[in-house]
Amino acid sequence: MLDFWRVKHRKFKWDDLYNMQALINMIAENEDDPLFYTLEWLHYELSQPDVNPTENCFVATIYGGRIVGYSRLVAGDDPTYKTVVAGTHPNMHNVGIGRALITVNDFNLMAILPDEQPLTIARTSQINHEPSVKILTYARYEQVGTSDNDTLLWEKQVR
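Residues numbered from 1 in each chain as written. Predicted model: local features only at pLDDT ≥ 70, side-chain atom pairs only at ≥ 80, totals over all residues. Heavy atoms only, no water.

Honestly, the overall build of the protein in this entry has me stumped. Any pointers?
A count of helical and extended segments in the protein gives five helices and eight strands. Counted from the first residue to the last, the protein has its helices and strands arranged as β-β-α-α-α-β-β-β-α-β-α-β-β. By the compact-globule yardstick of 15 Å for 159 residues, the protein fits well, its C-alpha radius of gyration being 15 Å. Its C-alpha atoms give the protein principal-axis dimensions of about 40 × 35 × 30 Å. For the protein, buried positions account for 45% of its 159 residues. If you take every contact in the protein between residues at least 6 apart in sequence, the share linking residues at least 24 apart comes to 60%. Here the protein has roughly 9,000 Å² of accessible surface; of this, 52% comes from carbon and sulfur atoms. (Helix = DSSP H or I, 4+ residues; strand = E, 2+ residues; numbered from the N terminus. Rg over C-alpha atoms; globule rule 2.2 N^0.38 Å. Buried < 20%, exposed > 50% of the residue type's maximum accessible area, 1.4 Å probe, protein only. Contact = heavy atoms within 4.5 Å. Areas by Shrake-Rupley, 256 points an atom, 1.4 Å probe, with all protein chains shown as cover.)

The structure is reproduced here in structure tokens:
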């Protein structure tokens, strides 16, 4: 478990599902994402065989266990290309939570693959969400495109 500021970063537990879903919707609303993310959707996403959320997904908590950030793996067929979705509570920007989640998740992904296997990590951000653009640039991700829904696509070759 890592400590940054007064935040603890740990692996996801299934008991976190409700709070993580609420946080995802709060972040989506703050970033003008028109979708509402249901509990069933999140459970389905995390239940995919290659996600293994209790090993590959992380949450950031503050006093009392309140979840203020998350980082989750998205299912994919290519073991050398991993997509990660993450977010931080809108009131908790610029204190290092997102930066720590990126570091923890990227390191974890490198650790679970054989040393000789190449790895590219992909992330997304809303086109007009400055904190996400700033943190991904800081973490040395490169913008590689834009999706159909004006989401920026970022990648980082880590080996």
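Honestly, the pattern of salt bridges in this entry has me stumped. Any pointers?
What the rule picks out here adds up to five salt bridges. Across the pair D16 and R10 runs a salt bridge, and its minimum N-O distance is 2.8 Å. Under the relative-accessibility criterion, R10 is labelled buried at 17%. In this structure, D106 engages K156 in a salt bridge whose closest nitrogen and oxygen atoms are separated by 3.7 Å. In this pair, D106 is assigned in helix α4 (residues 97–112) and K156 in strand β8 (residues 151–157), connecting sequence segments 50 residues apart. Given the relative accessible area of 5%, D106 is considered buried. Bridged by salt links that share partners, the residues D106, R123 and K156 form one connected network. (Salt bridge = Lys/Arg side-chain N within 4 Å of Asp/Glu carboxyl O.)

Help me understand the pairing of strand β4 (residues 66–74) in this model?
Where a strand is regular, its side chains alternate between the two sheet faces. Here β4 lies mainly inside the structure; seven of its nine residues are buried. By the bridge criterion, five bridges tie strand β3 (residues 58–62) to β4 in an arrangement that is antiparallel. Looking across to β4, one finds that V59 is bridged to Y70. Where β4 and strand β5 (residues 81–88) come together, six bridges link them in antiparallel fashion. Opposite Y70, over in β5, you have G87 as the bridge partner. (Pairing = 2+ DSSP bridges.)

Teacher, can you tell me more about the nonpolar core here?
Counting residues in hydrophobic clusters, the biggest one holds 28 residues, and the most contacted among them are F12, M20, L46 and Y141. Contributions of two or more residues to this core are made by α1 (17–30), α2 (39–46), β4, α4 and β8. With six residues, α1 is the largest single contributor of residues to this core. Each residue touching L46, except ones within four places of it in the same chain, is listed here: F12, W14, L17, V51, P53, C57 and R72. By size, the runner-up hydrophobic cluster in this structure holds nine residues, among which are V7, A60, V68 and M92. (Core = buried A, V, L, I, M, F, W, Y, C linked by side-chain atoms within 4.5 Å.)

Sorry if this is basic, but what is going on with unusual backbone geometry here?
Unusually for a residue other than glycine, N52 sits at a positive phi of about 45°. One can find N52 in the loop between α2 and α3 (53–56). Given the relative accessible area of 36%, N52 is considered partly exposed. If you check the backbone angles, N94 has positive phi at about 70° while not being a glycine. Relative to the helices and strands, N94 is located in the loop between β5 and α4.

That's the geometry; what it means functionally is another story.
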